[in-house]
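In case you want the letters, here they are:
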Amino acid sequence: MKVIIIGLDGVTWDVLDNELLEHHMPTLARLKKEGCYGDLRSTDPATTSTAWTSFLTGCKPSKHGVFGYQNYSFENGRMNLVNSSYCRVPTFFEELSRQGLKVVGINVPWTYPCPKVNGVMVAGFGCPIPDAQFTYPPELKEEIFKKIPDYDISPKNIFQSKMDIHSLENDIRLVKRSFEQKYQVAQLVSEKVDWDVMMVQFQDTDVIHHHVWSYVGKEQRDRYPRQRDLFFGLYNSLDDTVARILMLGADTEQKLAVIVSDHGGMPLFGEVRPNVLLEKWGYLKTRNSIQEEIGRIFKKARKTFFPLEPGDTSGRILNGKVVKWKAAVLHAASTLAYLYLNADCTDEHKEEILKTLKNKFENVFDPVTQKPIFNKVETPEEYFGRSNLQRSLVGDLVLEPQAGYEIRCSFSKRKGYLHSSADPLAGTHKKIGVYILCGPQIQSCNGSQKHIVDIAPTLYAALDLPLPEYLDGSVFREAFTSELNVRYQTNSQSSINSAGKEKRELTEKQEDAIVERLKTLGYM
């Protein structure tokens, strides 16, 4: 049996509702009708890097170690962009390769640098295309550009706010071209490799939902009929691309199709700036404007994000400002913020500050709705349910905003600590995505809600392979018509922290390219 996985980034049933599926996406409508489908719970945080890594490993972030887009380094006092070498657990591409299966991954986020697999990898979001070596084997890169000179992860700078219909139509043409590119790569690879498992991911759907949610989300799209119909046509093109991908490879009748999203989408209500609150409460102090300008120059020269050294309160650079700090939100994963205390705090003082800050953040309210801004304010141990977490990854306090709000690390006093969304079209992440399983031995049913870490163990079981012991997820038994032979490896525990990867840092040029993509989606 062959397995084809289609990754639709950020997709939710609030977009793929019955109207869209029945009238514009016949392939997905058939898969949903004939297979098992339901809600898929994402990770905490529900971000692309973390969620797809959990999907690929079957492990939660507290085990695989990818908690967002950046990690704070205590050694050099700066932020490092996270890449695939930061993952402490093998992906199913690597594990299936070890068990002798041929695998293909196309445009899968956070697979750069590409692992050496028994097959082919073409990295996706989180990869600085075109300068980087984004394929395995390396020579495939030249073949892709020879066949598809304009190949990219997804089109850049599309669906910006307040666009006219002409601009919208042009951007939709670019996305349709992006869909076609993914098919062309899948076709190229299928001619070279007799694969057992292939995954093709579409990042474009997440870009759509971030910038023009109101045109596609079922609760608002009827207010924009002309734009809605354009996007219905775009999703029809996506459906056609998926149909053609499902036909690739031999044994077309013996294929398990898996449709999965890393998280869902919803309207963006506002942006929260915890650092503005920390400055107001006296835990951050901005220096004068001259020093601030020096700080900007220094930051630009250093080409780093936050050259901030714990234990030194003499004045460091934070988001372009020279500050003294007792506490600071050093980085955020859009749906979470990781707050750090200065390292010169004693344990007793640290406990006192954390208790005070927890109380303060829990009592921050949206002045319009009069509801709390933060859903959770917890220590990393409380939030992730695991002790001994690396402080450089998760800080001292985790802030989770209410659904529909995003975290920003900036100090913008002009916008205040809460900035209601200036773009009524914009969307953000929510924790519930989608899944569909369809194929041999899969029954037709509306399944229960599953977690994204459940997909990998289910794939192992469907392929009749032993499961690694380190998995956090469980096999989705109710999707199958007959009992599965679920068994576990006896020596896989040693694979944790030894996935055959040496941690690799990116060049400044590569980081800049990735940061630009992250900024366009509001992640930085």
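Residues numbered from 1 in each chain as written. Predicted model: local features only at pLDDT ≥ 70, side-chain atom pairs only at ≥ 80, totals over all residues. Heavy atoms only, no water.

Let's shift gears to unusual backbone geometry. With omega at 0°, the peptide bond leading from Tyr 112 into Pro 113 counts as cis. Counting through the fold element by element, Pro 113 comes out in the loop between strand S5 (103-108) and strand S6 (119-123). The linkage connecting Tyr 136 with the following residue, Pro 137, adopts the cis geometry, with an omega of 0°. Along the chain, the position of Pro 137 falls in the loop between strand S7 (135-136) and helix H6 (140-147). In the Ramachandran plot, Gln 441 falls in the positive-phi region, its phi being about 70° despite a non-glycine side chain. Mapped onto the elements of the fold, Gln 441 is located in the loop between strand S22 (432-438) and strand S23 (445-446). Note on Gln 441: relative accessible area 46%, which makes it partly exposed. (Helix = DSSP H or I, 4+ residues; strand = E, 2+ residues; numbered from the N terminus. Buried < 20%, exposed > 50% of the residue type's maximum accessible area, 1.4 Å probe, protein only.)

The subject of this paragraph is the pattern of salt bridges. This model, assessed by the stated rule, comprises 25 salt bridges. A salt bridge links Lys 192 to Glu 143, with the shortest nitrogen-to-oxygen separation between them at 3.2 Å. Separated by 49 residues along the polypeptide, Lys 192 in helix H7 (residues 165-192) and Glu 143 in helix H6 bring together distant segments of the chain. For Arg 228, the salt bridge is made with Asp 229, and the minimal N-O distance between the two is 3.0 Å. The class of Arg 228 is buried, set by a relative accessible area of 15%. Put simply, Arg 41, Asp 44, Glu 400 and Lys 431 are held in one network by salt bridges that share partners. (Salt bridge = Lys/Arg side-chain N within 4 Å of Asp/Glu carboxyl O.)

Within the open sheet, the four strands sit side by side as S15-S16-S18-S17. Their pairing is antiparallel. Among the strands making up the open sheet, the edge pair consists of strand S15 (327-332) and strand S17 (374-378). On average, each strand axis in the sheet is inclined to that of its neighbour by 25°, with strand direction left out of account. Here four bridges tie S17 to strand S18 (residues 397-401), and the two strands are oriented antiparallel to one another. Considered in S18, the bridge of Glu 378 is made with Val 398. Lying on the sheet, helix H12 (residues 347-362) is in contact with S15, strand S16 (337-341), S17 and S18; it crosses S16 at an angle near 145°. (Pairing = 2+ DSSP bridges. Axes fitted to C-alpha atoms, helices over the stretch in contact; angles between N-to-C directions. Contact = heavy atoms within 4.5 Å.)

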